[in-house]
Amino acid sequence: FSYQFTVRPHNQGSFVTMQDYYFNNVFPWTPSDHEGSFDIGVTAWSSATQQTAATFITVAVESRVTGGQPVVSNTNNALVALYSAPACAAPAQMRVKFSAPSAPAVFTPYKPCNGLSMNFYIAGMLENTAYTMQHQLSSGAMGPGVKYTTGSIPADVVIPNHIRLAGPTPPTSETYPYLIHAIVGDASAFATDLNENVVWYKPPVASYNSSSLLTHLIMGGTFLAIEDDVANSKALCQGLTVPCADHQYLREYDIAGNVIRQTSWSILNDRINAIRAKQGRKPVRLNYLSHEGIRLPNGYTVTY
């Protein structure tokens, strides 16, 4: 069997594919924007009968905010926090200010208020450092200050040796204050400030990937990566005791390291051959995803 997972707000609009047909029969997912009810569908396809069957459930996601007070929560990433603020009404907007002692304040982008609780990923922080966080409305109103201390970078996160090529100099340091480091053919991906202090890393997901090719950052705080299918690559690489690179997944991650959408070479191969069949052409075999993943202006994603 292979499985496809889809999600939509309860009884609103069309379902969006979060994980396209593949052998994995689980897909962890939680919305990070706001609370609400969501319809989740899973469709199973049998290669033996060439038939599908689907089932759907509705889940209720509750706000982390209680008593009208903001809450800061840990995420899968020791350097990324989730700031949850009380609801605000349109047309106001909200952002979050955060700072460490003796360091300049940093602001998230504004988000439009919609009458629901507001959630922000806070990233760009140093490890084992105390921060004060506070939300701010476009009217100037401020919420209470909330203390939060980041954790340590886990031992299984490999940060290769890196050196400062040049110190921060205006105007670049004001417009682009961070550097992304991605190691081709390795699971390592991390970000530093312009003094080479690590302020973000991509958490390893042992059940998902052994190597990762970080391709592009996406406006809004997500990024695309081409990754291995560990379980399947072991079978493909006979005689090896460790996974080999097969680059079978195209994934979109949020900044905390959660997989929020993915597809694979398998479903892409099927769809390419469906198009070729309509054109009267012979089938081909797409063995792996190679070099790139790009988000187009119309919202489509291109890979090759």
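A. View of the side chain of Arg251. Turning to its location among the elements, Arg251 is positioned in strand β18 (residues 249–254). At a separation of 2.7 Å, a polar atom in the side chain of Arg251 contacts the side chain of Gln262.

B. A look at the pattern of salt bridges. A full pass over the atoms with the stated rule returns 6 salt bridges. Salt bridges sharing partners connect three or more residues here, namely Lys202, Glu227 and Arg251.

C. Examining the layout of surface pockets more closely. Looking at the second largest pocket, its volume works out to about 520 Å³. Taken together, the elements giving at least two residues each to the lining of the second largest pocket come down to β10 (118–122) and β19 (259–264). The residue inventory of the lining of the second largest pocket, partitioned by class, reads 14 nonpolar, 11 polar and 4 charged.

D. Inspection of the packing of aromatic side chains at higher detail. Using the criterion set out here, one finds 8 aromatic pairs in the structure. These aromatic residues form a ring-pair network of at least three members: Trp200, Phe223 and Tyr253. Seen from the ring of Phe120, Lys111 lies directly overhead, with NZ or CZ sitting 4.9 Å from the centre. The ring of Tyr249 has Arg251 sitting right over it, with the charged end atom 3.7 Å from the ring centre.

E. Molecular detail of the confidence of the model for the protein chain. Confidence in the prediction of the protein chain, expressed as mean pLDDT, is 86, and 89% of residues score 70 or more. Here residues 233–243 scores under 50 on pLDDT; set against residues more than four positions off or in separate chains, the count is 9 contacts.

F. Spotlight on the sheet that holds strand β5 (residues 71–74). Spatial ordering of the open sheet is given by β5-β6-β10, a layout of 3 strands whose pairing is antiparallel. Edge positions in the open sheet fall to β5 and β10, since each of these has one partner strand only. In this sheet, adjacent strand axes meet at a mean angle of 25 degrees when their direction is disregarded. For strand β6 (residues 81–85) and β10, the ladder comprises 5 bridges, and the chain directions are antiparallel. Bridge pairing links Ala85 to Met118 in β10.

G. Quick look at the state of the cysteines. Applying the stated criterion to the full structure yields 1 disulfide. The disulfide partner of Cys88 is Cys113, and the S-S distance across this bridge is 1.9 Å. The S-S bond linking Cys88 to Cys113 shows a torsion near -90 degrees; that makes this disulfide left-handed. With Cys88 in the loop between β6 and β7 (93–99) and Cys113 in the loop between β9 (111–112) and β10, this pair connects stretches of sequence that are 25 residues apart.

Conventions adopted
- Residues numbered from 1 in each chain as written.
- Predicted model: local features only at pLDDT ≥ 70, side-chain atom pairs only at ≥ 80, totals over all residues.
- Heavy atoms only, no water.
- Helix = DSSP H or I, 4+ residues; strand = E, 2+ residues; numbered from the N terminus.
- Polar contact = N/O pair within 3.5 Å; in protein donor to acceptor, adjacent residues only side chain to side chain.
- Salt bridge = Lys/Arg side-chain N within 4 Å of Asp/Glu carboxyl O.
- 1 Å grid on protein atoms, 1.4 Å probe; cavity = no way out; pocket = protein on both sides within 12 Å on 5 of 7 lines; lining within 4 Å.
- Points joined across faces, edges and corners; volume = space filled by probe spheres on them.
- Nonpolar A, V, L, I, M, F, W, Y, C, P; charged D, E, K, R; others polar.
- Phe/Tyr/Trp six-rings, centres within 6.5 Å; stacked < 30°, edge-to-face > 60°.
- Lys NZ or Arg CZ within 6 Å of the ring centre and 35° of its normal.
- pLDDT = per-residue confidence, 0-100.
- Contact = heavy atoms within 4.5 Å.
- Pairing = 2+ DSSP bridges.
- Axes fitted to C-alpha atoms, helices over the stretch in contact; angles between N-to-C directions.
- Disulfide = S-S within 2.5 Å.

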